[in-house]
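Fold and contact review
One-letter residues, chain by chain:
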Amino acid sequence: MNLFDFNLTLPITDPTWVFFLVLIIILFAPMILGRLHIPHIIGMILAGVLIGEHGFHVLDRDSSFELFGKVGLYYIMFLAGLEMDMEDFKKNRTKSIVFGWLTFLIPMGLGIWSSMSVLGYGFLTAVLLASMYASHTLIAYPIISRYGLSRLRSVNITIGGTAVTVTLALIILAVIGGMFKGTVDGWFWGFLVAKVAFLGFLIVFFFPRIGRWFFRKYDDSVMQFVFVLAMVFLGGGLMEFVGMEGILGAFLAGLVLNRLIPHVSPLMNRLEFVGNALFIPYFLIGVGMIIDVRSLFTGGEALKVAVVMTVVATFSKWLAAWITQKIYRMQPNERSMIFGLSNAQAAATLAAVLIGHEIIMENGERLLNDDVLNGTVVMILFTCVISSLVTERSARRFAMNEELQSEEQGAKKSTEQILIPVANPDTIEDLINLALVIKDAKQKNGLIALNVINDSNSSEKKELQGKRNLEKAAMIAAAADVPVNMVSRYDLNIASGIIHTIKEYEATDVVIGLHRKANIVDTFFGNLAESLLKGTHREVMIAKFLMPVNTLRRINIAVPPKAEYETGFSKWVEHFCRMGSILGCRVHFFSNERTLMRLQQLVKKKYAGTPTEFSLLEEWEDLLLLTGQVNYDHLLVVISARRGSISYDTSFERLPAQLGKYFSNNSLIILYPDQFGDPQEIVSFSDPRGHNESQHYEKVGKWFYKWLKKS
């Protein structure tokens, strides 16, 4: 008797194993390719290349890839419309329309010329290829959110122009696709325009009203999610019913439902989650299975097409940004920002090339052949990299601009709310005391004590211990005549509970204790601190006290280069100057010359009463130089930065080892300053850059620059 009837044959056809293999790719591809700093979109496509018939032929592109692929394609276009900021478009309507037409017409003109004269394609193929250059995807927008620059004029113009050019490009795609679904004559064009106009009116006029009625009547999260998906596919289905491409209907559905689904809402989170977890990766893997990479290196024609596509797409977008800059007399960095945001080709480009590849002309050839399909992947890779690099550099320049800093600092000061998680009863007193000496004495309240109970392993004993911790925190603060808001909540884990409480109570600062390593493989900061830093952009202090706060004699602060350009720079300086004044101890700053000059100006202007000292620290990468300055009764404060921020440096990765080795017998605070913008989330196909890859691209760019300069 054969207990294990297992016979492995390639390609795999059993639905269970096919779906399992796809899920494994979706799970592990971002992990592996993220280490190589390959954008997520390209990573999934490459995974499809490897398992497809032109690779190792592990899977066939069966009906499941066609079904999920179409769903994923609709999903990409729907999210592109849903994530448009319509308010920003209205504010800069005229400039956005001008830029939108420029970034549409210039790539169309150059694209048609290059496709017909250089590549030798026909007129329809050239038009569709040019429309791929005209559209673009805002994959670099998360960089803008991270730096808090979403209100910049250049950003608003680019977002509005995106709506214009993507809509026009999709109309061209829909028209060309419709031409191959029926007889083309004089009546065809009249009926086509009438049908598109009428159907567009139905979607724009009725979809928002139906959506508004449904959301008012039904608040069940599952029903709302299914309703939105139904509207997306209704829009796509109606477009296909009149002979057009369904992606235009999905995109219009995203635009009209934009107002009803806020960017920060549970429904938006569910929509992005399902798309990023299943539909969009399935679609991208299916795209990769079509591509034959070997053709790039055999005849030479595919490589030529890839080079021409990449050069034309990039140059035409730069030219559109340059003309926009000259028309409105904008700064060079604004031009760079516009170019960086508008250069990336992804969602609409993939949609166009796949639809064009499926169209068979009368002579039996495809409208867009295999060379164009393979060249498109190369173009997407390079434009995504260029877009990420240019946007990151422009955002850094804007953030380092003194005028922008003064505008942000001059904004109305918010009420301070310091959140103190009280999981460890041994550290409660030190953390509360630290919060008391850094908070604004003019505010009577402003402290939030939090106890998070883990859903999975809650017990009466832990709940009782949590209540006691909260009461202890309240008693310590009450002794200083400061009321404490006591919060106890259930959540999936401690970090999630803290992040949700920050949002619900609008906490401005978080003070947590440095965890104790449980074993040799445990990290210095622990999983809690690492998850917390990824989940919030608020100021976070990670503290370890070996003695009571009020017995500290000196505060030594190690400040990295460019720390003065961080959003929370003034806030943490204020906190420690306030702490030094209350404790009567000297605050000693260590940094390079430029940062020290900014510190001296700020302290002299606002905190002249605090005893301070300033010393040069040229070699920030080696904190061993501070060991002679920090005694056992001193507090060492290390100003760090989140990955990808202005003052972040790769030497921060060695920080835990240095602190554990050189300052294990000192009281410590590791501070991560305020950072405007959205916190970094999990892997998302709306942000295929990865977390910090632009810094690697920048290093490569600097190396090439030095090499060329020597040559």
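The structure presented is a predicted model; accordingly, all values stated were derived computationally and were not measured.

We now examine the overall build of the chain. A tally of helices and strands in the chain yields 25 helices and ten strands. For the chain, with 711 residues in total, the buried portion stands at 55%. Counting only contacts in the chain whose residues sit at least 6 apart along the sequence, the fraction spanning at least 24 positions is 81%. With the model as given, the accessible surface of the chain reaches about 33100 Å², and the carbon-plus-sulfur share is 60%.

Here the focus is the packing of aromatic side chains. According to the stated counting rule, one finds 20 aromatic pairs in the structure shown. A ring pair is formed by phenylalanine 65 and tyrosine 282, whose centres lie 5.0 Å apart and whose planes are at 55 degrees; its orientation type is tilted. With phenylalanine 65 in helix α3 (residues 63-82) and tyrosine 282 in helix α12 (residues 266-290), the pair connects residues that are 217 residues apart, well separated along the chain. Classification of tyrosine 282 by relative accessible area gives buried; the value is 1%. With centroids separated by 5.5 Å and ring planes inclined at 40 degrees, the aromatic side chains of tyrosine 75 and phenylalanine 279 adopt a geometry described as tilted. Of this pair, tyrosine 75 sits in helix α3 while phenylalanine 279 sits in helix α12, and the two are 204 residues apart along the sequence.

Time to look at the sheet that holds strand β7 (residues 586-591). The strands making up a sheet associate through backbone hydrogen bonding, with each pair oriented either parallel or antiparallel. The mixed open sheet is built from ten strands, whose spatial order is β3-β2-β1-β4-β5-β10-β9-β6-β7-β8. Only two strands of the sheet have a single neighbouring strand rather than two, namely β3 (484-491) and β8 (612-616). Taking each pair of neighbouring strands and ignoring which way they run, the sheet shows an average axis angle of 20 degrees. Of the pairings in the sheet, the one linking strand β1 (residues 418-421) to strand β2 (residues 447-454) comprises four bridges and is parallel in character. Note on β2: the bridge partner recorded for isoleucine 418 is leucine 447.

Attention shifts here to the pairing of strand β6 (residues 554-558). Within a regular beta strand, the side chains point alternately toward one face of the sheet and then the other, so they alternate between its two faces. Within β6, four of the five residues are buried, which leaves it mostly tucked inside the rest of the structure. Pairing between β6 and β7: five bridges, direction parallel. When the bridges of β7 are listed, isoleucine 555 appears paired with valine 587. Crossover connection from β6 via helix α22 (residues 569-583) to parallel β7: handedness right-handed. Bridging between β6 and strand β9 (residues 634-639) involves five bridges; their strand directions are parallel. Across the sheet, isoleucine 557 pairs through a bridge with valine 637, a residue of β9.

The next point concerns helix α23 (residues 593-606). Relative to the 20 Å expected for 14 residues at 1.5 Å per residue, α23 spans 20 Å between its end C-alpha atoms, a close match to the ideal helical length. Along α23, the residues classified as buried are Thr595, Leu596, Arg598, Leu599, Leu602 and Val603. Seen along its axis, α23 keeps its buried residues to an arc of 160 degrees; they face one direction. Counted as exposed and oriented over 90 degrees from the buried face of α23: Glu593, Arg594, Lys604 and Lys605.

Turning next to the pairing of β8. Across five bridges, the pairing between β7 and β8 is parallel. Among the inter-strand pairings, serine 591 is bridged to a residue of β8, identified as leucine 616.

Before going further, it helps to spend a moment on a nonpolar patch on the surface. On the surface, a nonpolar cluster with roughly 680 Å² of combined accessible area is contributed by Trp17, Phe20, Ile24, Leu27, Phe28, Met31 and Ile32. Position of isoleucine 24 relative to the elements: it lies in helix α1 (residues 15-35).

Here the focus is the confidence of the model for the chain. Averaged over all residues, the pLDDT of the chain equals 78, while 82% of them reach at least 70. Contacts from residues 406-412, a stretch scored under 50 in pLDDT, to residues over four places away or in other chains number four contacts. Long-range and interchain partners of residues 680-697, a stretch whose pLDDT sits below 50, account for 55 contacts in this model, where long-range means more than four residues apart.

A separate point is the packing of helix α5 (residues 93-118) against helix α13 (residues 301-328). In the contact formed by α5 and α13, the axes pass within 9 Å of each other and the chain directions differ by 150 degrees. One finds that α5 runs roughly antiparallel with respect to α13. When you trace α5 past α13, the crossing you get is right-handed. Each residue belonging to the contact of α5 with α13 can be placed in one class, and the counts come to 16 nonpolar, six polar and three charged.

Cut-offs applied
- Residues numbered from 1 in each chain as written.
- Predicted model: local features only at pLDDT ≥ 70, side-chain atom pairs only at ≥ 80, totals over all residues.
- Heavy atoms only, no water.
- Helix = DSSP H or I, 4+ residues; strand = E, 2+ residues; numbered from the N terminus.
- Buried < 20%, exposed > 50% of the residue type's maximum accessible area, 1.4 Å probe, protein only.
- Contact = heavy atoms within 4.5 Å.
- Areas by Shrake-Rupley, 256 points an atom, 1.4 Å probe, with all protein chains shown as cover.
- Phe/Tyr/Trp six-rings, centres within 6.5 Å; stacked < 30°, edge-to-face > 60°.
- Pairing = 2+ DSSP bridges.
- Axes fitted to C-alpha atoms, helices over the stretch in contact; angles between N-to-C directions.
- Right-handed = clockwise from strand over helix to strand, strands pointing away.
- Expected span 1.5 Å × (residues − 1).
- Arc of directions from axis to C-beta.
- Patch = residues over 30% accessible without salt bridge, like charges linked within 9 Å, V, L, I, M, F, W, Y side chains within 5 Å.
- Salt bridge = Lys/Arg side-chain N within 4 Å of Asp/Glu carboxyl O.
- pLDDT = per-residue confidence, 0-100.
- Parallel < 35°, antiparallel > 145°, perpendicular 65-115°, else oblique.
- Left-handed = near helix turned anticlockwise from the far one by under 90°.
- Nonpolar A, V, L, I, M, F, W, Y, C, P; charged D, E, K, R; others polar.

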